[in-house]
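Structural overview
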Amino acid sequence: MLHKSLVRRLDLITLQLFVAVHEEGTLTRAAAREAIAVSAASKRLMELEQVLGVSLFVRQAKGMQLTAAGETLLHHARQMLFNVEKMGLELGEHSHGVRGYVRMLANLSAIIQFLPEDLRDFSALHPQVKADLEERPSNGVVQGVIDGVADLGICSSDTDTKGLPGVTYRRDKLVVLMPADHLLASRKTLAFAETLDSDYVGLHSASSINMRTHAAAREAGKVLRLRIHVPGFDAMCRMVQANMGIGILPQKAYELFGRALGLHAVPLTDAWSDRSLILVVRDEAQLSPVSRLLFDYLRREQG
């Protein structure tokens, strides 16, 4: 009677480890995430398979892949852990306030422009909720949420979200960054096609801005004259200051980094320069209580 013994023989720590192995892809990374020795993690996983009488993972050179039985357990394990966390949070609210941990992925635009103040204000309301924020390009944000690396993601709305539900987080405006004495600096607005005779400083190749500007150049029948890729908006501003070319960045990023360097910004007239940033999740109904708190805060306050 396996079902009668499961209650006594399963423990939440092992189930949490099992979920971590799936999300991290390897036992080593999962053990590090759960702060447990690899040998102890391996023993727990082996004992779990023995209790259930099934293999949960296929061990491959590239990592550990769930078996069909593992997929079944994953669904139930996540639900069990969700319910236990919810129970603990609801009880904890009576004496210590809401506690928890939210994993987030966001693109550079969201991190630079909006999240510092938004997370600060959220933390002031819920000081015992901790956020782990990692920067990724928009397509990497989507894949990370699908893979379970993060609870919430923020990406550009023109990203293929692969079916993930999403809601508006913020909107921004792209501008052309240039030295104050550039030939185009006297213009009030610019169409992107008018800038294509200039050299460009571009963001890293996976960024949504980089991919959109290359696509827009192709649509105009030209090739973007890219001199250099840089990792972020601050580096772009320094390269433009050094006359390495002009660049495309959000208006607020210009205000944070470019204006102090004496640079100039001209708004783009192209429809794609008016952007939305969106919040994406795997399943709103399955968000943990603390993830739901942050999701609702960002959606309500900023949407």
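Because the structure is a prediction, the values reported are computed rather than measured.

Conventions we followed
Residues numbered from 1 in each chain as written. Predicted model: local features only at pLDDT ≥ 70, side-chain atom pairs only at ≥ 80, totals over all residues. Heavy atoms only, no water. Helix = DSSP H or I, 4+ residues; strand = E, 2+ residues; numbered from the N terminus. Buried < 20%, exposed > 50% of the residue type's maximum accessible area, 1.4 Å probe, protein only. Contact = heavy atoms within 4.5 Å. 1 Å grid on protein atoms, 1.4 Å probe; cavity = no way out; pocket = protein on both sides within 12 Å on 5 of 7 lines; lining within 4 Å. Points joined across faces, edges and corners; volume = space filled by probe spheres on them. Nonpolar A, V, L, I, M, F, W, Y, C, P; charged D, E, K, R; others polar. Axes fitted to C-alpha atoms, helices over the stretch in contact; angles between N-to-C directions. Parallel < 35°, antiparallel > 145°, perpendicular 65-115°, else oblique. Core = buried A, V, L, I, M, F, W, Y, C linked by side-chain atoms within 4.5 Å. UniProt positions renumbered as here; feature names shortened; annotations may be inferred. Salt bridge = Lys/Arg side-chain N within 4 Å of Asp/Glu carboxyl O. Phe/Tyr/Trp six-rings, centres within 6.5 Å; stacked < 30°, edge-to-face > 60°. Lys NZ or Arg CZ within 6 Å of the ring centre and 35° of its normal. Patch = residues over 30% accessible without salt bridge, like charges linked within 9 Å, V, L, I, M, F, W, Y side chains within 5 Å. Areas by Shrake-Rupley, 256 points an atom, 1.4 Å probe, with all protein chains shown as cover.

Another aspect to go through is the overall build of the chain. Helix and strand counts for the chain come out as 12 helices and 11 strands. For the chain, the spread of C-alpha atoms along the three principal axes comes to 80 × 45 × 30 Å. Buried residues in the chain amount to 45% of all 303 residues. Sequence-distant contacts in the chain: of pairs separated by 6 or more residues, those separated by 24 or more amount to 73%.

Right, let's talk about empty space enclosed by the protein for a bit. The tally for this structure, following the rule as stated, stands at two cavities of 30 Å³ or more. Space inside the largest cavity adds up to approximately 90 Å³. In terms of lining, the largest cavity is formed by 13 residues, of which the most central are Asn107, Leu108, Ser109, Ser207 and Ser208. Elements supplying a minimum of two residues to the lining of the largest cavity: helix H6 (108-113) and helix H9 (208-219). Across the lining of the largest cavity, the residue classes break down as five nonpolar, six polar and two charged. One number sums up the size of the second largest cavity: a volume of about 70 Å³. As for the second largest cavity, its lining consists of Tyr200, Val201, Gly202, Leu203, Ile209, Asn210, Thr213, Leu224, Leu226, Met236 and Ile248. Secondary-structure elements contributing two or more residues to the lining of the second largest cavity are strand S7 (200-203) and H9. Examining the composition of the lining of the second largest cavity, we find that four residues originate from one element, S7, more than from any other. Of the residues that constitute the lining of the second largest cavity, the class distribution is eight nonpolar, three polar and no charged.

Right, let's talk about the packing of helix H2 (residues 12-24) against helix H4 (residues 38-52) for a bit. Direction vectors running N to C along H2 and H4 enclose 100 degrees, while the axes themselves pass 10 Å from each other. Judged on the interaxial angle alone, H4 and H2 are roughly perpendicular. Contacts between H2 and H4 pair Ile13, Thr14, Leu17 and Phe18 from the former with Ala41, Arg44, Leu45 and Leu48 from the latter.

What follows deals with the nonpolar core. Counting 33 residues, the largest nonpolar core has Leu177, Met178, Phe192, Met236, Ile248 and Leu249 as the members making the most contacts within it. Listed by contribution, the elements that provide at least two residues to this core are strand S6 (166-179), S7, H9, helix H10 (233-241), strand S9 (247-250), helix H11 (251-258) and strand S10 (263-267). A per-element tally of this core places S6 first, with five residues. Those residues within four positions of Leu177 in sequence are excluded, and the remaining contacts are Met236, Cys237, Val240, Ile246, Gly247, Leu249, Tyr254, Leu263 and His264. Among the nonpolar cores identified, the runner-up in size contains 23 residues, and Phe114, Leu152, Ile154 and Leu287 belong to it.

By secondary structure assignment, the location of Gly245 is in the loop between H10 and S9. Between the C-alpha atom of Gly245 and that of Gly202, which follows or precedes it by 43 residues, the distance is 9.1 Å.

Taking the UniProt record as the reference, the feature "domain: HTH lysR-type" (unreviewed entry) is found at residues 10-67. End C-alpha to end C-alpha, residues 10-67 measures 19 Å, and it is 60% helix and 14% strand.

Bringing the pattern of salt bridges into the picture now. When their charged atoms lie close together, side chains carrying opposite charge are able to pair. Evaluation of the coordinates by the stated rule reveals 23 salt bridges. Between Glu24 and Arg29 there is a salt bridge; the shortest N-O distance is 4.0 Å. Exposure remark for Arg29: the relative accessible area of 45% places this residue in the partly exposed category. A network of salt bridges, in which partner residues are shared, links Glu23, Glu24, Arg29, Arg33, Glu34, Arg78, Arg103 and Asp151.

Enumeration according to the criterion identifies five aromatic pairs in this entry. With a centroid separation of 5.5 Å and an interplanar angle of 55 degrees, the aromatic rings of Phe18 and Phe57 are classed as tilted. On the criterion of sequence distance, the pair formed by Phe18 in helix H2 and Phe57 in strand S1 (residues 57-60) is long-range, its members being 39 residues apart. Here Phe18 and Phe57 have matching classes, each one buried. Grouping aromatic residues by their ring pairs yields a cluster made of Phe192, Tyr200 and Trp272. For the cation-ring pair, Arg170 lies above Tyr169, with the distance from its terminal atom to the ring centre recorded as 5.9 Å.

This next bit is on a nonpolar patch on the surface. On the surface, Leu12, Met80, Val84 and Met87 cluster together into a nonpolar patch covering about 320 Å² of accessible area. Of note, Leu12 is situated in helix H2. For Leu12, a relative accessible area of 37% gives the class partly exposed.

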